[in-house]
Amino acid sequence: MARDIYRITGTDRLDFLQGLITNDIAKLENGLVYAAILTPQGKYLADFFLVPDGEAVLLDVDASIATGLVQRLTMYKLRADVTIEETNLQVSRGTGDMPPGAFADPRHEALGWRRYGAEAGDDGTDFNALRVLHCIPETGIELTPETYILEAGFERLNGVDYRKGCYVGQEVTARMKHKTELRKGLTRVEVLGAAPVGAEILSNGKTAGILFTQSDGHGIAYLRFDRAGENMQADGATVHYSVPAPR
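Residues numbered from 1 in each chain as written. Predicted model: local features only at pLDDT ≥ 70, side-chain atom pairs only at ≥ 80, totals over all residues. Heavy atoms only, no water.

Enquirer: Quick question: what am I supposed to make of helix H3 (residues 127-134) here?
Expert: Think of an α-helix as turning once every 3.6 residues; residues three or four places apart then point the same way. Here H3 lies mainly inside the structure; 6 of its 8 residues are buried. The secondary structure elements touched by the buried residues of H3 are strand E6 (90-94), strand E9 (121-122), strand E10 (184-192), strand E12 (206-215) and strand E13 (218-224). The distance from a side-chain oxygen at the start of H3 to the backbone nitrogen of asparagine 128 is 3.3 Å, and the residue carrying that oxygen is aspartate 126. Just downstream of H3, cysteine 135 is the residue with a positive phi angle, here 55 degrees. (Buried < 20%, exposed > 50% of the residue type's maximum accessible area, 1.4 Å probe, protein only. Helix = DSSP H or I, 4+ residues; strand = E, 2+ residues; numbered from the N terminus. Contact = heavy atoms within 4.5 Å. Polar contact = N/O pair within 3.5 Å; in protein donor to acceptor, adjacent residues only side chain to side chain.)

See the structure below:
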């Protein structure tokens, strides 16, 4: 779990972030905020946590997309009084008793806590198993540049707010919420055998989706729900879909 932590300061920091992210920056008063930045077409660019830090906001992002995200934020910054600086902070996490200074993971109570300090690591929890059990997408695996966040479950992950006002990609996201029924999306499936992450799922010879993270006989899959069912195939594994994605 390689993460980069940035500190965002300046008098315009909250207004600046509010106009870009999918969630409401005011929720920082209650702890971590999970959010994303989208393209104007409503597709995923990056997901991250925002962390209250006195007169600053910490940005906790997967290291693989950190540089691109900071470049995007800098592009939008223009003349706003906002400074973005890399820190030496690390993330530790766990599911046991929450230590002093830690924050609850806002995506799901089963994911425990996150703490920011000098040390990285976790308490030995199998977070991949928890992700599969609760259908929690991961940066660079289930979350890709082709992702629409509602298909990825951002509503149940507390990653989007429909009342906060405008942000980049908001119009497409709102239209998907209010005017359409999702016909595709991430869901948990049963997996007999194993297949590589990204394996194509076939149902009666037709493409039904993609299989991602797997653990203990289950997996996270992106499915076309009109084609999903029992005894689908994914590179030698058998995939069963019978339970809708958790809401």
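The rest of the description comes next.
Enquirer: Sorry if this is basic, but what is going on with the pairing of E6 here?
Expert: Within a regular beta strand, the side chains point alternately toward one face of the sheet and then the other, so they alternate between its two faces. Counting buried residues along E6, 4 of its 5 residues qualify, which places the element largely inside the surrounding structure. By the bridge criterion, 5 bridges tie E6 to strand E8 (residues 113-117) in an arrangement that is antiparallel. What sits directly across from serine 92, in E8, is arginine 115. Bridge count for E6 against E9 is 2 bridges, and the pairing is parallel. Counterpart to serine 92 in the pairing with E9 is glycine 121. (Pairing = 2+ DSSP bridges.)

Enquirer: Can you help me understand the sheet that holds strand E5 (residues 83-86) in this one?
Expert: Note: strands within a sheet are paired through backbone hydrogen bonds, in either parallel or antiparallel orientation. On the basis of which strands lie adjacent, the open sheet formed by 5 strands has the order E2-E3-E4-E1-E5 and antiparallel pairing. If you trace the sheet from one side to the other, it starts and ends with strand E2 (33-38) and E5, each paired once. With direction set aside, neighbouring strand axes in the sheet form an average angle of 30 degrees. Where strand E3 (residues 44-53) and strand E4 (residues 56-62) come together, 6 bridges link them in antiparallel fashion. Bridge pairing links phenylalanine 48 to valine 61 in E4. Across the sheet, helix H2 (residues 63-77) lies against strand E1 (3-9), E2, E3, E4 and E5, angled at about 135 degrees from E4, the strand it touches most. (Axes fitted to C-alpha atoms, helices over the stretch in contact; angles between N-to-C directions.)

Enquirer: Got a minute to help me understand unusual backbone geometry in this structure?
Expert: Phi is mostly negative for residues that are not glycine, and the peptide bonds are mostly trans. Despite not being glycine, cysteine 135 has its phi angle at roughly 55 degrees, a positive value. Mapping cysteine 135 onto the fold places it in the loop between H3 and helix H4 (170-179). Look at cysteine 135 and you get buried, because its relative accessible area is 1%. Positive phi values are uncommon outside glycine, yet aspartate 216 reaches one of about 50 degrees.

Enquirer: Help me understand the packing of aromatic side chains, please; the structure alone is not making it clear to me.
Expert: What describes a pair of aromatic rings is the distance from one ring centre to the other and the angle between the planes of the rings. Tallied over the entire structure, the rule returns 3 aromatic pairs. Here tyrosine 34 and phenylalanine 154 contribute two aromatic rings whose centre-to-centre distance is 5.1 Å and whose plane-to-plane angle is 25 degrees, an arrangement assigned as stacked. Highlighted residues: tyrosine 34 in strand E2 and phenylalanine 154 in the loop between H3 and H4, separated in sequence by 120 residues. With respect to burial, tyrosine 34 and phenylalanine 154 carry one shared label: buried. What links up through ring pairs into an aromatic cluster is the set Tyr34, Phe49 and Phe154. The ring of phenylalanine 127 carries arginine 93 above its face, with NZ or CZ at 3.9 Å from the centroid. In this structure, arginine 107 packs its charged tip against the face of tyrosine 34, placed 5.6 Å from the ring centre. (Phe/Tyr/Trp six-rings, centres within 6.5 Å; stacked < 30°, edge-to-face > 60°. Lys NZ or Arg CZ within 6 Å of the ring centre and 35° of its normal.)

Enquirer: When you look at the nonpolar core in this model, what are you seeing that I'm missing?
Expert: Across soluble globular proteins, you tend to see nonpolar side chains buried next to one another. By size, the foremost hydrophobic cluster in this structure holds 55 residues, and its most contacted members are Phe48, Leu50, Leu59, Leu69, Leu73, Tyr116 and Phe154. Of all the secondary-structure elements, those providing two or more residues to this core are E1, helix H1 (13-18), E2, E3, E4, H2, H3 and H4. When sequence neighbours within four positions are dropped, the list of residues in contact with phenylalanine 48 reads Ile21, Val33, Tyr34, Ala35, Ala36, Ile37, Leu59, Asp60, Val61 and Leu69. Ranked by size, the runner-up nonpolar core spans 14 residues in total, among them Ala195, Ala199, Ala234 and Ala237. (Core = buried A, V, L, I, M, F, W, Y, C linked by side-chain atoms within 4.5 Å.)

Everything listed here is a matter of coordinates, which is why it stays silent on function.
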